[in-house]
Amino acid sequence: MTMHQPAPDVTYQPGRDVDSQGRPIAQADLPGSNPFPMDGPITLDLLIPLETLLGSRTPPRMGKAETSVGKVAVDPKTGRLAFNGQPLDPKGEDALAVACRDYLAKHPAPRR
């Protein structure tokens with residue numbers, strides 16, 4: 001049994017490859033086609049409901065208002081975290097993860 005050997009020129013060649021109608025085929029990875037570039041940190045606002053901070057002293061007209069207590073940045077290349085621009089050590093990362101899990105357990109996200 002002979003194994004199929006592809007021709008050496010089967011790789012995509014701009015301007016040469018065409019579809020069944022003779023139209024040029026664009027390469028799969030077009031420049032600038034990534035809608036979510038990962039070339040910098042992903043920053044998230046860390047928000048806390050005013051009611052959590054003020055309890056019964058929360059002004060009634062504030063509704064579900066939240067306040068920012070800081071920014072968490074995630075480096076997508078390394079997975080490292082920073083809080084307000086300061087890198088977190090492993091204990092700090094663990095503490096942040098526990099605090100987020102605890103908060104989410106008590107305040108589930110609303111269903112859409």
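Everything below is about the structure shown above.
Residues numbered from 1 in each chain as written. Predicted model: local features only at pLDDT ≥ 70, side-chain atom pairs only at ≥ 80, totals over all residues. Heavy atoms only, no water.

Q: How do you make sense of the overall build of the protein chain when you look at a structure like this?
A: Across its full length, the protein chain carries 2 helices and 4 strands. In sequence order, the protein chain lays out its α and β elements as β-α-β-β-β-α. Residues counted as buried form 10% of the 112 residues belonging to the protein chain. Expressed as a percentage of contacts within the protein chain between residues at least 6 apart in sequence, the contacts between residues at least 24 apart total 31%. About 9,900 Å² of surface is accessible on the protein chain, with carbon and sulfur atoms providing 58% of the total. (Helix = DSSP H or I, 4+ residues; strand = E, 2+ residues; numbered from the N terminus. Buried < 20%, exposed > 50% of the residue type's maximum accessible area, 1.4 Å probe, protein only. Contact = heavy atoms within 4.5 Å. Areas by Shrake-Rupley, 256 points an atom, 1.4 Å probe, with all protein chains shown as cover.)

Q: It is not clear to me how the sheet that holds strand β2 (residues 66-74) should be interpreted in this structure. Could you clarify?
A: Two modes of strand pairing occur in sheets, parallel and antiparallel, and in both the strands are linked by backbone hydrogen bonds. Taken in spatial order, the 4 strands make up an open sheet running β1-β2-β3-β4, and their pairing is antiparallel. Of all strands in the sheet, those bounded by a partner on one side alone are β1 (42-49) and β4 (86-87). Where β2 meets strand β3 (residues 81-83), 3 bridges bridge the pair, whose relative direction is antiparallel. By the bridge assignment, V74 is partnered in β3 with L81. (Pairing = 2+ DSSP bridges.)

Q: Explain the pattern of salt bridges here, please?
A: Any two side chains of opposite charge can pair, so long as their charged atoms come close to each other. Evaluated as defined, the whole model comprises 2 salt bridges. Its salt-bridge partner being K71, residue D45 comes within 2.4 Å of it at the nearest N-O pair. Placement of D45 in strand β1 and of K71 in strand β2 is noted, with a sequence separation of 26 residues between them. Note on D45: relative accessible area 45%, which makes it partly exposed. Here K71 falls in the partly exposed class, since its relative accessible area comes to 41%. (Salt bridge = Lys/Arg side-chain N within 4 Å of Asp/Glu carboxyl O.)

Q: Just to check I follow, could you spell out the side chain of T58 for this structure?
A: Checked against the element boundaries, T58 lands in the loop between α1 (50-54) and β2. A polar side-chain atom of T58 sits 2.8 Å from the main-chain carbonyl oxygen of G55. Setting aside its immediate chain neighbours within four residues, T58 contacts L50 and E51. (Polar contact = N/O pair within 3.5 Å; in protein donor to acceptor, adjacent residues only side chain to side chain.)

Q: Teacher, can you tell me more about the pairing of β2 here?
A: Working note: regular strand, side chains alternate between the two faces of the sheet. With 8 bridges joining them, β1 and β2 adopt antiparallel strand pairing. What sits directly across from I48, in β2, is T67.

Q: So what exactly am I meant to see when it comes to unusual backbone geometry here?
A: Glycine aside, residues mostly have negative phi, and peptide bonds are mostly found in the trans state. Its identity is not glycine, yet N84 carries a phi of approximately 50°, on the positive side. Within the element layout of this structure, N84 appears in the loop between β3 and β4. The partly exposed category is assigned to N84, whose relative accessible area is 45%.

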